[in-house]
Amino acid sequence: MTDATFRLDGIYDAEIYWERVSRNEVFLGLDRAHMRASQEKISNAVVGIAGQGAVGGGVAMLLARLGVRHLKIADADAFDTSNINRQLGAAATTIGQNKAMVIGQMIHETTPDVTIDVYPEGITTANATDFVDGCDLLIDCIDFYTIAERFAFHRAFRDSDRCQGCLSSKMIGHGANLYLFTKDGLTLEDFYGFPEGAPMTPALQDRLVRLQAAYLPRFPGLDVIYDWMNEKGAAPMIATTAPLTHYMVGSRAALILAGLNEAPYCEPLPEMPKYLWIDATRAQCAIHTFDGNFANEGEYEAHFNS
């Protein structure tokens, strides 16, 4: 831990812990002994969630409720009014407050047996290794345009002997994706395909969108979305989609931590550059591949003859 980090210590009471997680167990194994062993693995895990916005804050709380008893969370940003539509911790009373500090306190009050290391300066090139150290699983919720810090985070992940994988999810419209980086698979640097110091031009921004949110919403047209982003200086996100990312990340994290992330317990999540996409407007989900293009180019025109 760094000087800028602080810890909220969990106070463990075995009787309370096993009662509060008791409804998990049926779906964590083949018999009672297996279920107990799976929950113990979850209990003993350390999970680092980098970013405490629309995805990260909800995932952190979900994993605490699941029974993970040591979390590391990081975010340098403060809540603003527009965050209230989708971000855990965003409220009229928390505007202007650091996201990681607010979420850490919420988790501590909800699940007092969880130890939380809070990094209110967010992930930096200087602290990425310290944040990753000791983690069994990482959740990358860093803004996709934050290049140097994400690169440092992923380098630290690959250098870690302990960490099992790095999950991430992005939402757009009424859908969201889920993807997994592994130690010997595609790196973030190769996925992006440009150097760390590349200037953030409009062309690079477009490339990043296509690499992170590669399945277009059915409506409106892409030009309307980009015009809105240029006007507001932010990404549009509807309130109802954030819980989808929490489910996608949280469920896969539970399977990985419990040692159930393989046949016959589940279908393994393909590693990058493949990703899982779920969309309410299509009532479907599918596996796609990030390749720098939108997976459903022209769908808006096909439906609306535009």
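(A) Spatial organisation of the overall build of the protein chain. A tally of regular secondary structure across the protein chain gives 11 helices and 10 strands. By the compact-globule yardstick of 19 Å for 306 residues, the protein chain fits well, its C-alpha radius of gyration being 19 Å. Across its three principal directions, the C-alpha atoms of the protein chain cover 60 × 45 × 40 Å. The buried share of the protein chain, reckoned over its 306 residues, is 49%. Of all intrachain contacts in the protein chain linking residues separated by at least 6 positions in sequence, the fraction that spans at least 24 positions is 67%.

(B) A look at the nonpolar core. In terms of nonpolar packing, the biggest core is built from 43 residues, with Val47, Ile49, Leu63, Leu71, Ile107, Ile139 and Leu167 touching the most fellow members. At the level of elements, strand E2 (46-50), helix H3 (56-66), strand E3 (70-74), helix H4 (99-110), strand E4 (115-119), strand E5 (137-140), strand E8 (175-181) and helix H10 (242-258) are the ones that each hand at least two residues to this core. Top element by residues in this core is H10. It accounts for 9 residues. Non-local contacts of Ile139, meaning those with residues more than four positions away in its chain, are made with Val47, Gly48, Ile49, Ala50, Val59, Phe153, Leu167 and Val249. The next biggest cluster of nonpolar side chains, apart from the first, holds 36 residues, and it includes Ile142, Leu188, Tyr192 and Ala214.

(C) Quick peek at the pattern of salt bridges. Tallied over the entire structure, the rule returns 14 salt bridges. A salt bridge links Asp113 to Arg20, with the shortest nitrogen-to-oxygen separation between them at 2.9 Å. Of this pair, Asp113 sits in the loop between H4 and E4 while Arg20 is found in helix H1 (residues 14-20), placing the two residues 93 residues apart along the sequence. Glu25 is the partner of Arg32 in a salt bridge, and the nearest nitrogen-oxygen pair spans 3.1 Å. Assessed through its relative accessible area of 23%, Glu25 is described here as partly exposed. Members of the salt-bridge network, linked through shared partners, are Arg218, Asp279, Arg282 and Glu299.

(D) Here's a closer look at the packing of H3 against H10. Where H3 meets H10, the axes come as close as 9 Å, and the angle between the chain directions of the two elements is 40 degrees. Taken as axis vectors, H3 and H10 run oblique relative to one another. Judged by the sense of rotation from one axis to the other, the crossing of H3 with H10 is right-handed. On H10, the residues that touch Gly58, Val59, Leu62, Leu63 and Leu66 of H3 are Thr245, His246, Tyr247, Val249, Gly250, Ala253 and Ala254. Looking at side-chain class alone, the contact of H3 with H10 contains 8 nonpolar, 4 polar and no charged residues.

(E) Spotlight on the side chain of Glu189. Mapped onto the fold, Glu189 is located in helix H7 (residues 188-192). Under the relative-accessibility criterion, Glu189 is labelled buried at 18%. Other than its neighbours up to four places away in sequence, Glu189 contacts Phe151, Arg155, Arg158 and Phe194.

(F) Broad picture of empty space enclosed by the protein. One pass over the full model with this rule turns up 1 cavity of 30 Å³ or more. Roughly 40 Å³ of internal volume is contained in the largest cavity. Contributing to the lining of the largest cavity are Gly173, His174, Pro217, Arg218, Phe219, Asp279, Thr281 and Arg282. When the residues that make up the lining of the largest cavity are grouped by side-chain class, the tally is 2 nonpolar, 3 polar and 3 charged.

(G) Region of interest: the pairing of E8. Most of E8 is tucked away: 7 of the 7 residues are buried. Here E8 shows a buried face lined by Gly175, Asn177, Tyr179 and Phe181 and a second buried face lined by Ala176, Leu178 and Leu180. Direction of pairing for strand E6 (residues 166-168) relative to E8: antiparallel, over a ladder of 3 bridges. Paired with Leu167 across the strands is Leu180, a residue of E8. Bridge count between strand E7 (residues 171-172) and E8: 2 bridges; the pairing is antiparallel. Bridged to Ile172 within E8 is Gly175. A loop of 2 residues connects E7 with E8, the two strands running antiparallel in sequence, and Gly173 in this loop sits at a positive phi of about 65 degrees. Direction of pairing for E8 relative to strand E9 (residues 274-279): antiparallel, over a ladder of 4 bridges. When the sheet's bridge partners are listed, Asn177 is paired in E9 with Trp277.

(H) Main features of the environment of Ile84. Inspection of the secondary structure puts Ile84 in the loop between E3 and H4. Judged by relative accessible area, Ile84 falls into the partly exposed class, the value being 40%. With residues near it in sequence (within four places) discarded, Ile84 still touches Ala90, Ala91, Ala92 and Ile95.

Cut-offs applied
Residues numbered from 1 in each chain as written. Predicted model: local features only at pLDDT ≥ 70, side-chain atom pairs only at ≥ 80, totals over all residues. Heavy atoms only, no water. Helix = DSSP H or I, 4+ residues; strand = E, 2+ residues; numbered from the N terminus. Rg over C-alpha atoms; globule rule 2.2 N^0.38 Å. Buried < 20%, exposed > 50% of the residue type's maximum accessible area, 1.4 Å probe, protein only. Contact = heavy atoms within 4.5 Å. Core = buried A, V, L, I, M, F, W, Y, C linked by side-chain atoms within 4.5 Å. Salt bridge = Lys/Arg side-chain N within 4 Å of Asp/Glu carboxyl O. Axes fitted to C-alpha atoms, helices over the stretch in contact; angles between N-to-C directions. Parallel < 35°, antiparallel > 145°, perpendicular 65-115°, else oblique. Left-handed = near helix turned anticlockwise from the far one by under 90°. Nonpolar A, V, L, I, M, F, W, Y, C, P; charged D, E, K, R; others polar. 1 Å grid on protein atoms, 1.4 Å probe; cavity = no way out; pocket = protein on both sides within 12 Å on 5 of 7 lines; lining within 4 Å. Points joined across faces, edges and corners; volume = space filled by probe spheres on them. Pairing = 2+ DSSP bridges.

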